Amino acid sequence: MSAITNFSTFNLNKQLLNAVSDLGFEAPTEIQQKAIPVIMGGQHVIGIAQTGTGKTAAYMLPLLMKVKYAQGKEPRAVILGPTKELVVQLAEHARNFAKYTDLRIVAIYGGVGVKAHADAISNGVDILVATPGRFMEIYLKGDLPVKQIKTLVLDEADRMMDMGFMPQLRKIFEVIPSKRQNLLFSATFGERVERLSQDFLEFPVRIEVTPPATASVRVSQELYQVPNIKTKINLLLHLLEDKESFNRVIIFTRTKEVANNIYKFLERKEIGPTKVIHSNKGQNTRINAMYEFKDGGIRILVSTDVSARGIDVNEVSHVINFDVPIVYDDYVHRIGRTGRAYNEGKAITFVTPVEEYHIQKIEKLIREKIPVKSLPGAVEIEETSPEEKKDMAREIDWQKKKEDPSFQGAFHERKKKK
Ligand code: AMP
């Protein structure tokens, strides 16, 4: 297929083309080139594309073209996504593209009163963007008419599976009209997404822009080997001192506790401005933090994996993995936060000896070796506390046992030798 270099090649109407040009999009990205004509042709599509590839516009533009203008009061297209943050982002994308039309786009998600959402729907909606839980909640109250739904999009399907949304999705498939166009987008294509797609899509066209779970080419990756958590903190501080290049940074942690601790620490050191988002933060706080980060009001965002879904910020200079994710797909999702669309980004991962095991698994998944950098001389290397040493030894034993069930553990070995 020869490359499509211009949006006007697609059969989009003037309103959409003008909005695309207002957004500053010049050439369509690869997923857009491949998916837009197929979706406009009415086919079912499975799109395997990470965030940052332009996949949202790849389905949103044909969807807006199909729905075209405000009509009746009931939604004709539904987009489902795993988190509030993503849903809010997607609605914003849709509104940007629909700015020269009269289309009504409504976003619904958990954590806020049901009534406001039910009212918004009853005022009339053309495109509904929803989390699966909130969709069913409002449907079951009788406030969500579903008879006119002709297009269903599942975005970040892999994440919806990870978050256990399958039962809600099944219920949704049951209650909406079966004659409809189905589009499924996912960053990875594991077993569960494959099963979902078999249940959900008949004879889909599969479009893939990077092999599943391959790190985005625009992200340069590096890895620092550090002996313990205290040294990680020293390294973090050292890197963040460079305010010019580290100008918009997301720091990922596996747990809320670590996220909170890092946030408090950076605040104390007056390194920020910094905000932290995780599932214990109210939804408004999370959304506000995200917008502030997007607008450049804060330099550093500390986040756990789940909360980071849907963060759509261009020009994130660095993603720092303070720890190595043990859900390996999360590595791909985390680093996909930088190097979005046409920007370059850098992903830096801190690895203690006990995390080497997980890094090896990740390298296998992404089919590449992450280059190791030596620690900058200015970073003070701390002693590992006896407690951390013991935890690490125990964990490494567990890892070895997992790989080789006959492994007895270092502790046993020592005892035997005596
Ligand atoms: P997505 O992969 O859909 O999350 O998109 C990532 C970012 O790329 C978003 O900020 C989009 O606004 C931007 N983007 C999408 N398509 C294009 C394009 N054709 N040209 C420039 N930027 C784009």
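A word on the packing of aromatic side chains. Where two aromatic rings form a pair, the distance of their centres and the angle of their planes describe that pair. Taken as a whole and assessed by the stated rule, the structure comprises seven aromatic pairs. Ring geometry for F7 and F10: centres 5.9 Å apart, planes at 65°, overall edge-to-face. Like F10, F7 is buried. By the ring-pair criterion, three or more aromatic residues cluster together here, those being F7, F10, F25 and F97. Sitting over the ring of F189, R206 keeps its end group 4.3 Å from the ring centre.

Next up on the list: the nonpolar core. Membership of the largest hydrophobic core comes to 45 residues, with the highest contact counts inside it found for I31, Y59, M60, L61, L64, I79 and I127. If you list the elements that add at least two residues to this core, you get helix 1 (14-22), helix 2 (30-40), helix 3 (55-67), strand 2 (77-80), helix 4 (84-97), strand 3 (105-108), strand 4 (127-130) and strand 6 (181-186). The biggest single contributor to this core is helix 3, with nine residues. I79 has contacts with Y59, M60, L63, L90, I127, L128, V129, A130 and V153, leaving out every residue within four places of it along the chain. If you look at the next biggest cluster of nonpolar residues, it comprises 34 residues, including L80, F135, V146 and A157.

A few words on the domain arrangement of the protein chain. Note: interface size is frequently given as the accessible area lost on complex formation between the parts. Examined at the domain level, the protein chain breaks down into domain 1 (7-208) and domain 2 (219-383). The C-alpha centroid of domain 2 is placed 29 Å from the C-alpha centroid of domain 1. With 24 residues of domain 1 at the interface, the matching set in domain 2 holds 21 residues. Buried area between domain 1 and domain 2, summed over both chains or domains, comes out near 2,000 Å², and the portion from carbon and sulfur atoms is 46%. Considering only the side of domain 1, the residues that lose the most area to domain 2 are E85, Q89 and R159, jointly responsible for 33% of the buried surface there. Linking domain 1 with domain 2 are one salt bridge, by the criterion used here. With a shortest N-O distance of 2.5 Å, D330 and R159 are connected by a salt bridge. Where domain 1 meets domain 2, there are two residue pairs in polar contact (both at pLDDT 80 or more). Mapped by element, the contributors of at least two residues to the side of domain 1 that touches domain 2 are helix 4 and helix 7 (157-162). The biggest single contributor to the side of domain 1 that touches domain 2 is helix 4, with seven residues. Looking at the side of domain 1 that touches domain 2 residue by residue, the class counts come to eight nonpolar, ten polar and six charged.

Time to look at the sheet that holds strand 11 (residues 300-304). Across the sheet, seven strands lie side by side as 10-11-9-12-13-8-14; this open sheet has parallel pairing. Every interior strand has two partners, whereas the edge strands, strand 10 (274-277) and strand 14 (372-373), have only one. As paired elements, strand 12 (residues 318-321) and strand 13 (residues 345-351) share four bridges and run parallel to each other. When the bridges of strand 13 are listed, V319 appears paired with A347. Against the sheet, helix 11 (residues 256-268) makes contact with strand 9 (249-253), strand 10 and strand 11, and its axis sits at roughly 170° relative to strand 10, the strand it touches most.

The strand order across the open sheet built from seven strands is 3-4-2-5-6-1-7, with neighbouring strands paired in parallel fashion. With one partner strand each, in any of the chains shown, strand 3 and strand 7 (205-208) form the two edges of the open sheet. Across the sheet, the mean angle from the axis of one strand to that of its neighbour is 15°, orientation sign disregarded. Where strand 3 and strand 4 come together, four bridges link them in parallel fashion. Counterpart to I108 in the pairing with strand 4 is A130. Lying over the sheet, helix 4 contacts strand 2, strand 3 and strand 4, oriented at roughly 175° with respect to strand 3. Against the sheet, helix 5 (residues 114-122) makes contact with strand 3 and strand 4, and its axis sits at roughly 160° relative to strand 3, the strand it touches most.

So, about the environment of L17. Relative to the elements of secondary structure, L17 occurs in helix 1. For L17, a relative accessible area of 19% translates into the label buried. In this view, L17 contacts F7, S8 and L12; residues no more than four positions away in its chain are not counted.

Now for helix 3. Helix length check: helix 3 (13 residues) gives 19 Å between terminal C-alpha atoms against 18 Å at 1.5 Å per residue, within 8%. When you tally the buried positions in helix 3, you get twelve out of 13 residues, the bulk of the element. Restricting attention to buried positions, one finds in helix 3 the residues K55, T56, A57, A58, Y59, M60, L61, P62, L63, L64, M65 and V67. K68 occupies a position one or two residues after helix 3 and carries a positive phi of about 65°.

Moving on, we get to the pattern of salt bridges. Inspection of every chain in the model, using the stated rule, returns 22 salt bridges. Where R134 meets E137, a salt bridge forms, and the shortest distance between an N and an O atom there is 3.0 Å. Residue R134 and its partner E137 are both found in helix 6 (residues 132-140); the two are separated by three residues, about one turn of the helix. For R134, a relative accessible area of 4% corresponds to the buried category. What makes E137 partly exposed here is its relative accessible area of 34%. The closest approach of N and O atoms between E222 and K346, which form a salt bridge, is 3.9 Å.

Each value, and the rule that gives it
Residues numbered from 1 in each chain as written. Predicted model: local features only at pLDDT ≥ 70, side-chain atom pairs only at ≥ 80, totals over all residues. Heavy atoms only, no water. Phe/Tyr/Trp six-rings, centres within 6.5 Å; stacked < 30°, edge-to-face > 60°. Buried < 20%, exposed > 50% of the residue type's maximum accessible area, 1.4 Å probe, protein only. Lys NZ or Arg CZ within 6 Å of the ring centre and 35° of its normal. Core = buried A, V, L, I, M, F, W, Y, C linked by side-chain atoms within 4.5 Å. Helix = DSSP H or I, 4+ residues; strand = E, 2+ residues; numbered from the N terminus. Contact = heavy atoms within 4.5 Å. Domains from an automatic or database assignment. Buried area = accessible area lost by both parts, 1.4 Å probe. Salt bridge = Lys/Arg side-chain N within 4 Å of Asp/Glu carboxyl O. Polar contact = N/O pair within 3.5 Å; in protein donor to acceptor, adjacent residues only side chain to side chain. Nonpolar A, V, L, I, M, F, W, Y, C, P; charged D, E, K, R; others polar. Pairing = 2+ DSSP bridges. Axes fitted to C-alpha atoms, helices over the stretch in contact; angles between N-to-C directions. Expected span 1.5 Å × (residues − 1).

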